[in-house]
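# Chains, contacts and geometry: an overview
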Amino acid sequence: MKITQLRNATMIVEIADYVILVDPMLAPKAAIPSLKYLTNNRRRNPLVGLPQNTDQLMKKVTHCLITHCQKGHFDHLDRAGAKWLRENQITTFCAEGDVAYLQTKGLDIQELNPNDTHS
């Protein structure tokens, strides 16, 4: 197994013939407004750019896993990530509670049931 971290929650996991993109936040650096917390040092998100080899890594992706993505968790799936998944027709796995929300994004969703096993 090989794990390559792209950003805070975004990574690529390579296992045998599978290359899994986890929690895709793919927007360019500072493309998303800052969080609305009480602070004087608000910074636009993402705080860092993607690594230079990201395009090369993304060409190998076979599946996606979104750990959670409801309100307040934009760092697990942003608009750029959703667009990339749609354009590349990547099957996306998620928990039952996120299925309906992710289907509204036009993604190919497969629910992960904790009582099932998946190869």
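Now for a look at the structure at hand. (Residues numbered from 1 in each chain as written. Predicted model: local features only at pLDDT ≥ 70, side-chain atom pairs only at ≥ 80, totals over all residues. Heavy atoms only, no water.)

### Description of the side chain of E14
Put simply, the rule reads: Helix and strand labels come from DSSP, where a helix needs a run of H or I of at least four residues and a strand needs a run of E of at least two; each type is numbered from the N terminus. Each residue is assigned to one of three classes by its accessible area relative to the maximum for its type, calculated with a 1.4 Å probe on protein chains only: buried under 20%, partly exposed between the two thresholds, exposed over 50%. Here a polar contact means two N or O atoms within 3.5 Å. Within protein one must be a hydrogen donor candidate and the other an acceptor candidate, and residues neighboring in sequence count only if both atoms are side-chain atoms. Contacts were defined at the residue level, with two residues in contact if any of their heavy atoms lie within 4.5 Å.
Position of E14 among the secondary structure elements: in strand β2 (residues 11-15). For E14, a relative accessible area of 17% puts it in the buried group. Here the side chain of E14 touches K60 through a polar contact of 3.3 Å, side chain to side chain. Dropping the residues within four chain positions of it, E14 is found in contact with M1, K2, V19, L57 and K60.

### Topic: the pattern of salt bridges
Here is the rule we go by: Here, a salt bridge means any Lys or Arg side-chain nitrogen found within 4 Å of an Asp or Glu carboxyl oxygen.
Tallying each qualifying case throughout the model produces two salt bridges. The salt bridge partner of K60 is E14, with a shortest N-O separation of 3.3 Å. Placement of K60 in the loop between α1 (54-58) and β4 (63-66) and of E14 in strand β2 is noted, with a sequence separation of 46 residues between them. Take K60: its relative accessible area is 39%, and that puts it in the partly exposed class. The shortest N-O distance in the salt bridge between K83 and E87 comes to 3.8 Å. Of this pair, K83 and E87 both sit in helix α2 (residues 79-87), four residues apart, which is roughly one turn of the helix.

### So, the pairing of β2
Convention followed: A pair of strands is treated as paired once DSSP finds two or more bridges between them.
One ladder, built from four bridges, connects strand β1 (residues 2-5) with β2; its direction is antiparallel. Counterpart to I3 in the pairing with β2 is V13. Here β1 folds back onto β2, and the loop between the two strands holds five residues. Across five bridges, β2 lies against strand β3 (residues 18-22) in antiparallel orientation. Residue pairing for β3: M11 is matched across the bridge by V22. As consecutive antiparallel partners, β2 and β3 are separated by two residues, and within that stretch A16 has a phi angle of approximately 55 degrees, a positive value.

### Some words on the nonpolar core
To keep things clear, this is the line we draw: Among buried residues, those of type Ala, Val, Leu, Ile, Met, Phe, Trp, Tyr and Cys that are joined through side-chain atoms within 4.5 Å constitute a nonpolar core.
Among the nonpolar cores identified, the biggest contains 21 residues, and I12, L21, V61, L77, W84, L85 and L102 are the most heavily contacted of them. Secondary-structure elements contributing two or more residues to this core are β3, α1, β4, α2 and α3 (99-103). Looking at which element gives the most residues to this core, the answer is α2, with three residues.

### Topic: α2
Each α-helix turn comprises 3.6 residues. Residues three or four places apart therefore point the same way. Note the cut-off: Throughout, the arc means that of the directions going from the helix axis to the C-beta atoms.
Taken together, the buried positions of α2 are occupied by G81, A82, W84 and L85. Projected onto a plane normal to the axis of α2, the buried residues spread over an arc of 160 degrees and lie on a single side. For α2, exposure combined with an orientation more than 90 degrees from the buried face picks out R79 and E87. In this structure, the buried residues of α2 make contact with β3, α1, β4 and β5 (91-95).

### Here's the deal with the sheet that holds strand β6 (residues 108-112)
Quick note on the threshold: Interaxial angles span 0 to 180 degrees and are taken between N-to-C directions of axes, which are lines fitted to C-alpha atoms, for helices over the stretch in contact.
Pairing is mixed in the open sheet, where six strands are placed in the order β1-β2-β3-β4-β5-β6. Edge positions in the sheet fall to β1 and β6, since each has one partner strand and no second. Across this sheet, the average inter-strand angle for adjacent strands is 25 degrees, counted without regard to direction. Inspection of the sheet shows β3 paired to β4 by three bridges, in the parallel sense. In the sheet register, I20 faces β4, and the bridge partner there is H63.

Function cannot be read off these values alone, since they describe shape.
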